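# Structure at a glance
Residues per chain are reported as follows:
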Amino acid sequence: MTTFIDPYSSSRETTEGTVFSVTGGDWNELVTEIGATKEERIVVNMGPQHPSTHGVLRLVLELEGETVTEVRCGIGYLHTGIEKNIEYRSWTQGVTFVTRMDYLSPLFNETAYCLATEKLLGITNDVPERASAIRVLMMELNRISSHMVALGTGALELGAITPMFFAFRERERVLDIFEMISGLRMNMAYIRPGGVQQDLPAGATQKIRETVKEMRKAFKDNATLLIGNSIWMKRTEGIGYLDLAGCTTLGITGPVLRSTGLLGIFVRLNHIAVTKIMILMLLQQIHAMCTVDS
Amino acid sequence: MSDHGMFGAAGTGDTSGYGGLVRTPAATGSSERPYGSYFDDVADDLERAYPGFSDAIERVVVDRGELTLHVKREKLVEVSKILRDSLKFEMCMGVSGVHYPEQSGRELHAVYPLLSITNNRRIRLEVSVPDNDAHIPSVVEVWAGNNWHERETFDMFGIIFDGHPGLTRILMPDDWQGHPQRKDYALGGISVEYKGATIPAPDERRSYR
């Protein structure tokens with residue numbers, strides 16, 4: 001008896017049941033074969049594939065019919081050993097490492113690291129107020145560029161390409177400011193323990209003011225492009241329900257936590273070295289949010 | 001040819017210009033009351049809600065404006081539940097491992113930062129265990145989000161979290177030897193092979209002998 005082995009769709013018996021290997025081929029044949037088995041529960045290995053290229057995601061799914069009943073994630077080999085490297089470096093050199101932890105928000109990584117370092121060294125109060133202000137300024141700009149990537153690529157993965165072009169255009173504007181101030185667009189190691197690498201260059205404030213004005217207009221376009229798109233709304237609104245208890249037990253913060261109805265901006269006024277003016281601005285912002293919400 | 005490296009480093013292979021870390025030993029005593037800030041309230045509330053306070057909490061440390069409760073490992077889950085339910089520390093922001101090779105009998109520490117959204121308070125729990133018996137009960141039943149964090153701390157430090165629903169390596173390959181974030185684990189401990197050529201570990205590479 002000869003057995004024909006289809007190189008693209010073969011099956012073999014194991015102690016766990018029949019295993020089907022699919023590497024892109026005749027789906028009809030596979031579906032017929034799976035249909036012949038009595039069992040409803042099948043285990044599917046999905047991936048490894050990359051939603052982002054670094055560290056491939058692999059999911060082992062258990063399906064009952066079309067419902068996923070269990071999933072195990074292989075999240076890839078993402079650890080870069082930054083802590084270990086910093087053990088062999090000085091405090092200032094550490095910034096160059098941590099800025100790469102999340103390359104979309106380098107200034108946040110740097111600030112978090114520097115605040116901790118300053119606290120350990122007991123020099124928190126020696127940081128100039130101007131340096132703190134520059135830190136917050138840079139972080140806020142960074143927040144815009146990071147959110148633009150999230151929204152742009154988010155739309156892209158749901159099949160819309162135009163929002164990505166629009167969002168990346170805004171991001172470029174922010175990166176231009178970063179380049180002007182620190183010399184680098186990303187991973188700039190600009191914030192250092194004790195302050196920042198250098199003061200704002202001449203013309204930086206003016207450029208930021210102009211850019212902010214332009215971006216305000218562009219944000220409206222971006223928002224219309226996404227909220228006005230019914231496909232985008234259908235694929236994002238009311239999807240993946242998570243309530244407040246779910247968020248707290250899973251340690252979820254940020255916009256997702258706020259989407260459960262928890263009020264307001266959750267900021268640690270006592271922790272980040274913000275100036276009095278910033279606290280005032282923040283309170284105004286909170287007040288504005290409360291007014292909108294009620 | 002000189003035996004010194006390209007950057008003039010001698011001995012350590014450290015080319016950073018930084019001579020080496022000087023570590024001050026961690027303080028071992030308990031802080032004195034009043035702790036300041038909201039820390040006295042937290043301690044009082046916990047004492048009231050949890051009768052076994054003096055037995056379970058080894059010491060209370062206030063340092064650099066942060067409160068740390070050192071908890072005996074047997075009592076960790078009990079204390080966690082009280083903190084979550086009575087003191088409203090709804091969130092546990094993960095667990096970090098720390099390796100203190102010089103503290104014999106308590107080499108490995110697990111650190112849990114807690115957050116109370118209700119009261120806008122943050123505290124920290126710390127559990128220390130000996131290297132040869134690195135078992136800590138899992139708090140996944142209290143804060144489900146700690147699942148992957150505990151796997152990471154196991155992966156990186158070798159602390160075994162008893163009662164964890166599936167304690168396996170999460171970042172390193174399953175068959176990896178050793179726990180990379182321990183202090184005695186060498187930097188760049190393995191040589192990398194690429195297309196037949198091998199790249200030496202960074203601590204050897206940098207002196208360009």
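### Notes on the overall build of chain A
What chain A contains, in helices and strands, is 11 helices and 7 strands. When contacts within chain A are restricted to residue pairs at least 6 apart in sequence, those whose partners lie at least 24 apart make up 43%.

### Brief notes about the overall build of chain B
From N to C terminus, chain B includes 5 helices and 10 strands. The 209 residues of chain B split such that 28% are buried. Long-range contacts, defined here as pairs at least 24 residues apart, represent 50% of the contacts in chain B between residues at least 6 apart.

### Here we look at the environment of Glu140 of chain A
Residues and elements named next belong to chain A. Relative to the helices and strands, Glu140 is located in helix α5 (residues 129-157). Classification of Glu140 as partly exposed rests on a count of 13 C-beta atoms within 10 Å. Residues Glu140 and Phe108, 32 residues apart in the sequence, show an inter-C-alpha distance of 9.2 Å.

### Re helix α3 (residues 91-98) of chain A
Residue and element names in this part refer to chain A. By the burial criterion, the buried members of α3 are Gly94, Val95 and Val98. End-on, the buried residues of α3 take up no more than an arc of 110 degrees, which puts them together on one face. Close packing links the buried residues of α3 with α2 (82-87), α4 (106-121) and β6 (191-192).

### Here we look at the pairing of strand β6 (residues 121-129) of chain B
All names here are of chain B. Pairing geometry for strand β2 (residues 66-71) and β6, over 3 bridges, is parallel. Bridge pairing in β6 links Leu69 to Leu125. Here 9 bridges tie strand β5 (residues 108-116) to β6, and the two strands are oriented antiparallel to one another. Residue pairing across strands places Ser116 opposite Arg121, the latter belonging to β6. Between β5 and β6, which pair antiparallel one after the other, the connecting turn spans 4 residues, and Asn120 there sits at a positive phi close to 50 degrees.

### Points about the domain arrangement of chain A
On domain assignment, one finds that chain A holds domain 1 (9-74), domain 2 (81-227) and domain 3 (259-294). Between domain 1 of chain A and domain 2 of chain A, the C-alpha centre-to-centre distance is 41 Å.

### A few points about the interface of chain A and chain B
The partner chain B presents 18 residues to the 17 residues of chain A that form the contact. The set of elements that each furnish at least two residues to the side of chain A that touches chain B consists of α2 and α9 (244-250) of chain A. Residues belonging to the side of chain A that touches chain B are distributed by class as follows: 5 nonpolar, 8 polar and 4 charged.

### Some words on the nonpolar core
All names here are of chain B. Core analysis: the biggest nonpolar cluster contains 38 residues, and Val42, Val71, Val79, Leu114 and Ile159 have the highest contact counts within it. Elements represented by at least two residues in this core include exactly α1 (39-49), β1 (57-63), β2, α3 (76-85), β3 (91-92), β5, β6 and α4 (146-157). No other element matches β5, which puts 5 residues into this core. Excluding residues within four positions of it along the chain, Ile159 makes contact with Gly97, Leu108, Ala110, Ala134, Ile136, Thr153 and Phe154.

### Here's the deal with the environment of Asn45 of chain A
When you line up the elements, Asn45 of chain A lands in strand β3 (residues 41-49). The spacing of Asn45 of chain A and Arg58 of chain A is 13 residues in sequence and 7.4 Å in space, taken between C-alpha atoms.

### A few points about the confidence of the model for chain A
With 81% of its residues at a pLDDT of 70 or more, chain A shows a mean pLDDT of 81. Mean pLDDT across the elements of chain A bottoms out in helix α11 (residues 276-293) of chain A (59) and peaks in β6 of chain A (94).

### Some words on the packing of helix α6 (residues 162-182) of chain A against helix α7 (residues 204-227) of chain A
Residues and elements named next belong to chain A. Orientation of α6 relative to α7, taken along the N-to-C sense of each, is 170 degrees, at an axis distance of 10 Å. The orientation of α6 with respect to α7, classified from their angle, is roughly antiparallel. The crossing of α6 and α7 is left-handed. Contacts between α6 and α7 pair Thr162, Pro163, Phe166, Ala167, Glu170, Arg173, Ile177, Met180 and Ile181 from the former with Ala204, Lys207, Ile208, Thr211, Glu214, Met215, Ala218, Asp221, Asn222, Leu225 and Leu226 from the latter. For the contact of α6 with α7, the residue count by class is 12 nonpolar, 3 polar and 5 charged.

### Topic: the pairing of strand β4 (residues 57-64) of chain A
Pairing geometry for β4 of chain A and strand β5 (residues 67-74) of chain A, over 7 bridges, is antiparallel. Opposite Arg58 of chain A, over in β5 of chain A, you have Gly74 of chain A as the bridge partner.

### Notes on α4 of chain B
All names here are of chain B. Relative to the 16 Å expected for 12 residues at 1.5 Å per residue, α4 spans 16 Å between its end C-alpha atoms, a close match to the ideal helical length. Burial of α4 is extensive: 10 of the 12 residues sit out of reach of the surface. Within α4 the residues assigned to the buried category are Asn146, His149, Glu150, Arg151, Glu152, Thr153, Phe154, Asp155, Met156 and Phe157. For α4, the secondary structure elements touched by its buried residues are β3, β4 (96-99), β5 and β8 (160-162).

### Examining the environment of Val71 of chain A
All names here are of chain A. By secondary structure assignment, the location of Val71 is in strand β5. You can call Val71 exposed: it has 12 C-beta atoms within 10 Å. Taking the C-alpha atoms as reference points, Val71 and Val95, 24 residues apart in sequence, are found 37 Å from one another. When near neighbours in sequence (up to four residues on either side) are disregarded, Val71 contacts Leu59, Val60 and Leu61.

### A look at unusual backbone geometry
In this structure, the amide linkage connecting Arg33 of chain B to the following residue, Pro34 of chain B, adopts the cis form with an omega of -5 degrees. Looking at where Pro34 of chain B falls in the secondary structure, it is placed in the segment before α1. Even without being glycine, Ala189 of chain A reaches a positive phi, approximately 45 degrees. Inspection of the secondary structure puts Ala189 of chain A in the loop between α6 and β6. Residues other than glycine seldom take positive phi values, yet Arg64 of chain B does so here, at roughly 50 degrees. By the element assignment, Arg64 of chain B lies in the loop between β1 and β2. What makes Arg64 of chain B exposed here is the crowd of 10 C-beta atoms within 10 Å.

Parameters and conventions
Every residue gets a number counted from 1 within its own chain, in the order that chain's sequence is written. Whichever chain is written first becomes A and whichever ligand is written first becomes 1, with later ones labelled in order. With pLDDT at 70 or above as the cut-off, local features in this predicted model cover only qualifying residues; side-chain atom pairs require 80 or more to be listed or tallied, and sums for whole chains, interfaces and linings still use all residues. Going along the chain from the N terminus, every DSSP run of H or I of four or more residues is numbered as a helix, and every run of E of two or more is numbered as a strand. By definition, residue pairs are in contact when their C-beta atoms, positioned from the backbone, come within 7 Å. In this scheme the burial state of a residue depends on its C-beta neighbours within 10 Å: 20 or more other such atoms mean buried, 12 or fewer mean exposed, and anything in between means partly exposed; the C-beta positions come from the backbone. The directions from the helix axis to the C-beta atoms are what the arc is built from. The pairing criterion is simple: DSSP has to find at least two bridges between the two strands. An automatic or database domain assignment supplies the start and end points of every domain. Side-chain classes are defined by residue name, with Ala, Val, Leu, Ile, Met, Phe, Trp, Tyr, Cys and Pro counting as nonpolar, Asp, Glu, Lys and Arg as charged, and the others, Gly among them, as polar. We call a set of buried Ala, Val, Leu, Ile, Met, Phe, Trp, Tyr and Cys residues a nonpolar core when their C-beta atoms link them within 7 Å. As a per-residue quantity, pLDDT reports the predictor's confidence and falls between 0 and 100. The axes used here are C-alpha line fits, helices contributing only the stretch in contact, and every angle between their N-to-C directions lies in the interval 0 to 180 degrees. Oblique is the label for any angle not under 35 degrees, not over 145, and not in the 65 to 115 range, which are roughly parallel, roughly antiparallel and roughly perpendicular in turn. In a left-handed crossing the near helix is turned counterclockwise from the far helix by less than a right angle, and in a right-handed crossing that turn is clockwise. In a helix, the anticipated span is given by 1.5 Å times the number of residues less one.

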